[in-house]
Amino acid sequence: EMCSKGKSEDRGRMAARLLLLLASLTAAASLHVQSHATYRPTVSSFAPHSSPCCTSPLPLHAGGANRFGRTRGLVRIRGGAANEVNKWLASAGGLATSAIVTGAANLFGLAFTLATGSHKLTDLVGSGCFALSAVATHLIGGGASSTRLLASTSLITVWSIRLASFLFYRIMKTAKDDRLGKVFATTGGTVTFWFLSFLWGFVVLMPHSMSCFAPSPAPMDAAGYAAAGVAAVAFVVESVADWQKWCFKSGPDGKTTWCTEGLWKWSRHPNYAGEMSFWWSIFLLNAPNLVSPWSGLALGVVSPLFITLLIRYVSGVNLAEARNDDRFGDRHEYQAYKRETALLFPGLL
């Protein structure tokens, strides 16, 4: 009993330290944000504006022009290179803003979990920080009037609020998440979980975060409206599939058989198909703001690739398939369902 009490006190002290760290990060972030929302750091911010290229303002003495001429040539950044650096500085600003917001939210979740051992805020914080980060990067990035960025921010915010509220409602009904019992049993497991939660939010939001800080946001076009439309449809598919499965599991057959209601008749995992499609669409919606330099586009595509691989091979499909195989794998009806029903996308996969 004394050992258990000591562990509880240690976790409480760690939670208090994390809350102090969270408060410090919040204060630092508030001091860092510029008074003008449209401010973005650029190479020209650190160099004279009288020349089309960035030249170090080295002192010139009488008769000493030749002495410093060669040095100035070495530190000069030509206009084209400066533009590329400007774009990278802007992207870094978006990523830094996202890291601060998602990091602060997940630090709060970690402190709460260490202090209480409760599972109830896990998904609310982990999923809800997407909306917080999306709105923060949009407002601080200065692209509030861009239709493309408004569409991206609105879609992500609605997706985040829906998922966070649904998962919070579910945990309030079930009281605990059996998947997290062993993870939260140790401090190391708890810290690892919340770090991965931060990584999930930060990486998946990268296209939106960088796009919001683009020096000149691309105007909305037909491809942009198409991407936004696909994202909206994917959101509906994911939402409907989640609700259909929840209603089925809450019914009399939920404990004894697998879900074949509604969308689940056509796909074994329609909710995951919707989520993967949603984030690919968000990437395509923001892609025009990432294409120059091309390395920005390469970094942005990590987001949908990450969520696709995560859902397909790590935390989503594989775990759900293994659970169903363990429970129903010896039943001929279930084997027929697996043969006749697509894993994710009917007719494709």
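Along each chain, the written sequence defines residue order, and numbers are assigned to residues from 1. In keeping with the model being predicted, local features are shown solely for residues with a pLDDT of at least 70 and side-chain atom pairs are shown and tallied solely at 80 or more, while totals for entire chains, interfaces and linings include all residues. The side-chain numbers reported here are obtained from all heavy atoms of the structure, hydrogens and water having been left aside.

Summarise a positive patch on the surface; cite the residues concerned and give the values.
A surface patch of like charges, here positive, comprises Lys-249, Lys-255, Arg-323 and Arg-327. Assignment of secondary structure puts Arg-327 in helix α12 (residues 317–328). Any residue with relative accessible area above 30% and no salt bridge may belong to a patch, with like charges joined within 9 Å and the nonpolar Val, Leu, Ile, Met, Phe, Trp and Tyr side chains within 5 Å. A 1.4 Å probe and the Shrake-Rupley method give the accessible areas. Residues count as covered only by the protein chains that appear here. Salt bridge, as used here: a side-chain nitrogen of Lys or Arg that lies within 4 Å of a carboxyl oxygen of Asp or Glu. Charge counting follows a simple rule: Lys and Arg are positive, Asp and Glu are negative, and His as well as the terminal groups are ignored. In this description, the location of a charge corresponds to atom NZ of lysine, CZ of arginine, CG of aspartate or CD of glutamate. Comment: elements are numbered from the N terminus, with helices defined as DSSP H or I runs of at least four residues and strands as E runs of at least two.

Help me get a handle on the packing of helix α4 (residues 122–141) against helix α5 (residues 147–174), residues and values and all.
Helix-helix packing is described using two parameters, namely the angle between the two axes and the distance between the axes. The interhelical angle for the contact between α4 and α5, taken along N-to-C directions, is 165°, at an axis separation of 8 Å. Of the possible angle classes, the one that applies to α4 and α5 is roughly antiparallel. The handedness of the crossing between α4 and α5 is left-handed. Together, Asp-123, Leu-124, Ser-127, Gly-128, Phe-130, Ala-131, Ala-134, Val-135 and His-138 of α4 and Leu-149, Leu-150, Thr-153, Ile-156, Thr-157, Trp-159, Ser-160, Ile-161, Leu-163, Ala-164, Leu-167 and Phe-168 of α5 make up the contact between the two elements. Lines fitted to C-alpha atoms define the axes here, with helix axes fitted over just the stretch in contact, and angles between the N-to-C directions of these axes take values from 0 to 180 degrees. Relative orientations are named as follows: roughly parallel for angles under 35 degrees, roughly antiparallel for angles over 145 degrees, roughly perpendicular for angles from 65 to 115 degrees, and oblique for any other angle. In a left-handed crossing the near helix is turned counterclockwise from the far helix by less than a right angle, and in a right-handed crossing that turn is clockwise. For this analysis, residues touch if any pair of their heavy atoms sits within 4.5 Å.

Go over the packing of aromatic side chains, please, and point to the residues and values.
By convention, a stacked pair of Phe, Tyr or Trp rings (six-membered ring in the case of Trp) has centres within 6.5 Å and planes under 30 degrees apart, an edge-to-face pair has planes over 60 apart, and any other such pair is tilted. Under the counting rule described, the total for this entry stands at 18 aromatic pairs. Measuring from ring centre to ring centre gives 6.4 Å for Phe-195 and Phe-198, while their planes differ by 40°; the resulting arrangement is tilted. Of this pair, Phe-195 and Phe-198 both sit in helix α6 (residues 187–204), separated by 3 residues, roughly a single helical turn. Accessible area is worked out with a 1.4 Å probe on protein chains only. A residue is then buried under 20% of its type maximum, exposed over 50%, and partly exposed in between. Overall, the relative accessible area of 49% leaves Phe-195 in the partly exposed class. For the ring pair Trp-258 and Tyr-337, a centre distance of 6.2 Å and an interplane angle of 40° mean the geometry is tilted. Pair noted here: Trp-258 is in the loop between α8 (222–250) and α9 (270–286) and Tyr-337 is in helix α13 (residues 332–340), with a separation of 79 residues, a long-range link. Here Trp-258 and Tyr-337 have matching classes, each one buried.

Tell me about the environment of Thr-260, and name the residues and values.
With respect to the helices, strands and loops of the structure, Thr-260 is situated in the loop between α8 and α9. Contacts of Thr-260, omitting those with residues within four sequence positions, involve Lys-265 and Tyr-337.

Could you give an account of the pattern of salt bridges, with specific residues and numbers?
Once their charged atoms are close, side chains differing in charge can pair, the charge on each being opposite to the other. Overall, the coordinates contain 6 salt bridges when judged by the stated rule. In this structure, Glu-238 engages Arg-162 in a salt bridge whose closest nitrogen and oxygen atoms are separated by 3.6 Å. Remark: Arg-162 occurs in helix α5 and Glu-238 occurs in helix α8; sequence separation between them is 76 residues. The exposure class of Glu-238 is buried, given its relative accessible area of 2%. Residue classification places Arg-162 among the buried residues on the basis of a relative accessible area of 15%. Lys-338 is the salt-bridge partner of Glu-321, the closest N and O atoms lying 3.5 Å from each other. Within this pair, whereas Glu-321 is found in helix α12, its partner Lys-338 is found in helix α13, the two being separated by 17 residues in sequence. Judged by its relative accessible area of 10%, Glu-321 falls in the buried class. Relative accessible area serves as the criterion here: at 26%, Lys-338 is assigned to the partly exposed category.

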